[in-house]
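Geometric and topological summary
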Protein chains: 2
Amino acid sequence: MTSGIPTAAISRLVTYLRILEHLEAENVSRTSSNDLAERASVTAFQVRKDLAYFGRFGTRGMGYTVPVLKRELVRVLGLNQTWNVVIVGVGRLGQAIANYPAASDYQFTYVGLFDVNPDLIGQEVRGLTVQHISELPAFARTTRIDMGFLAVPPDRAQDAAQSLADAGVRGILNFAPIVIQPRTHDTDAGPDLSPEWRGVTIENVDFLAGMKRLAFYILNPHLQHIQTEE
Amino acid sequence: MTSGIPTAAISRLVTYLRILEHLEAENVSRTSSNDLAERASVTAFQVRKDLAYFGRFGTRGMGYTVPVLKRELVRVLGLNQTWNVVIVGVGRLGQAIANYPAASDYQFTYVGLFDVNPDLIGQEVRGLTVQHISELPAFARTTRIDMGFLAVPPDRAQDAAQSLADAGVRGILNFAPIVIQPRTHDTDAGPDLSPEWRGVTIENVDFLAGMKRLAFYILNPHLQHIQTEE
DNA sequence: CACTGTGAATCCTTTCACAGCC
DNA sequence: GGCTGTGAAAGGATTCACAGTG
């Protein structure tokens with residue numbers, strides 16, 4: 001990371017935000033780097049450093065006020081604006097995601113569901129009609145799509161990812177157990193990203209990988225790390 | 001990590017293994033650090049270093065033979081032995097996991113499903129009868145449980161994790177959006193893990209966090225990182 | 001000659017100690 | 001006095017250059 005903010009810090013910010021939501025729900029109005037650290041299973045140094053990357057949100061000698069820090073983290077993470085999401089792949093996993101209660105927190109909105117299975121097309125899932133993936137380009141011309149969630153079988157994931165990139169999404173949350181290859185074209189200065197992949201971010205959520213890592217750490221407790229986030 | 005193996009290396013080994021399975025399925029018999037690197041979106045240095053933590057699996061001047069390297073990674077990751085898994089939480093997400101096709105690859109076997117919802121108890125899911133979570137201790141006395149997958153709502157996740165630890169699991173794959181707190185008891189040398197949590201590894205698979213990180217990186221493309229694994 | 005395996009160098013992340021402020 | 005914010009130090013992870021070998 002050239003610009004100084006560790007990617008792990010972003011994961012931790014998400015955790016801090018969740019803790020603040022919890023504290024707010026319990027009407028706790030103040031907290032501290034120590035309190036947050038304990039709840040997040042990190043050190044207080046880490047909490048303060050992570051927050052310091054983005055500003056000064058506390059009061060020395062006092063700590064943090066829950067609603068203020070929460071608001072600031074929401075802003076930093078971009079959760080105070082709308083995000084239009086499509087899901088590609090509406091099998092069991094895609095439906096579980098679509099129906100997951102907290103997933104439409106903040107301004108995330110599912111705007112379209114796509115699949116190739118004729119049995120699914122036309123079905124209603126969470127108030128949306130499943131469309132064939134071939135409808136995605138037309139759909140993208142009428143509706144802004146910010147993110148795509150990819151919950152198709154592994155052998156279809158690369159093509160589906162390409163469809164999402166072609167549709168102009170800015171980010172892909174990939175549930176399939178593959179590494180997505182952004183398409184490249186060759187220039188004389190080596191291969192370069194195709195324009196539809198410029199600035200597209202990919203996050204992987206891969207439980208098969210998680211279960212294999214778990215096997216490894218169970219067998220090798222000496223290099224244990226208590227808790228990992230992919 | 002005091003002992004020298006970066007945790008990120010383990011994630012990458014899982015990726016290399018997947019690539020090797022893919023190559024084997026296509027009857028490719030040889031590969032190289034360069035080929036693996038390209039497919040995994042990392043550098044060839046990284047591939048060689050990651051493999052070197054565990055042994056010498058290649059031939060200088062030649063590369064790696066696919067079945068050999070695959071077998072070695074399977075062994076390193078502990079996938080050549082049986083793993084008995086229970087799922088706690090058999091809602092939509094738990095069922096999607098139980099039915100995910102590749103999840104019973106290698107020697108992973110689902111041996112029990114648990115929930116608290118009366119509508120689910122007694123139902124068959126993937127050939128197993130859903131039991132009430134209160135049956136878990138008795139079940140654990142008759143069947144060895146290696147891992148627990150935790151797919152319950154966030155407000156039940158801490159208690160369910162405790163039940164899994166009490167049942168003697170060695171690892172928890174946590175799908176709930178919370179940080180699990182291993183129970184501690186206080187000694188004069190500070191707080192210490194309770195015995196049931198000794199050596200228990202936790203891996204988090206959190207798509208809500210993934211979607212929030214995605215929002216952040218879409219908004220901050222200058223600190224982009226192409227692809228992250230939680 | 002090609003490609004692996006690896007100590008050394010670099011880079012990044014976390015930890016620390018303390019200055020700054022309420 | 002207590003707790004945040006931060007430059008500096010320590011610790012890890014990645015990159016590199018090249019020695020080693022079929």
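Further up the page is the structure itself.
How each quantity is defined
Residues numbered from 1 in each chain as written. Chains lettered and ligands numbered in written order. Predicted model: local features only at pLDDT ≥ 70, side-chain atom pairs only at ≥ 80, totals over all residues. Axes fitted to C-alpha atoms, helices over the stretch in contact; angles between N-to-C directions. Helix = DSSP H or I, 4+ residues; strand = E, 2+ residues; numbered from the N terminus. Left-handed = near helix turned anticlockwise from the far one by under 90°. Contact = placed C-beta atoms within 7 Å. Nonpolar A, V, L, I, M, F, W, Y, C, P; charged D, E, K, R; others polar. Least-squares fit on C-alpha atoms with pLDDT ≥ 70 in both. Near = placed C-beta within 6 Å.

Take the packing of helix α1 (residues 7-25) of chain A against helix α4 (residues 66-77) of chain A next. All names here are of chain A. For the pair α1 and α4, interaxial distance at closest approach is 9 Å and the crossing angle is 145°. The crossing of α1 and α4 is left-handed. Of the residues in α4, those in contact with Leu13, Val14, Tyr16, Leu17, Leu20, Glu21, Leu23 and Glu24 of α1 are Val66, Pro67, Leu69, Lys70, Leu73, Val74, Val76 and Leu77. The residue inventory of the contact of α1 with α4, partitioned by class, reads 13 nonpolar, no polar and three charged.

Our focus in this paragraph is the interface of chain B and chain A. Taken together, the contacts link 63 residues of chain B with 63 residues of chain A. Among the elements of the structure, α1 (7-25), α2 (33-40), α5 (92-99), β8 (171-174), β11 (201-204), α8 (207-219) and β12 (227-229) of chain B are those that each provide at least two residues to the side of chain B that touches chain A. Counting residues per element, the side of chain B that touches chain A draws most heavily on α8(B), which supplies 13 residues. Residues of the side of chain B that touches chain A, tallied by class, amount to 34 nonpolar, 18 polar and eleven charged.

Structural alignment of chain B on chain A gives an RMSD of 0.0 Å, achieved by rotating through 180° and translating 0.0 Å along the axis. Those values place the two copies in the arrangement expected of a two-fold rotation axis. Most of the interface of chain B is mirrored in chain A, where 100% of its interface residues are also at the interface.

The subject of this paragraph is the protein's contact with DNA strand C. Not every one of the 30 residues close to DNA strand C is listed here, only the nearest: A:Arg60, A:Gly61, B:Ser32, B:Gly58 and B:Gly61. If you list the elements that add at least two residues to the surface near DNA strand C, you get α1 and α3 (44-52) of chain A together with α2 and α3 (44-52) of chain B. Counting residues per element, the surface near DNA strand C draws most heavily on α3(B), which supplies five residues.

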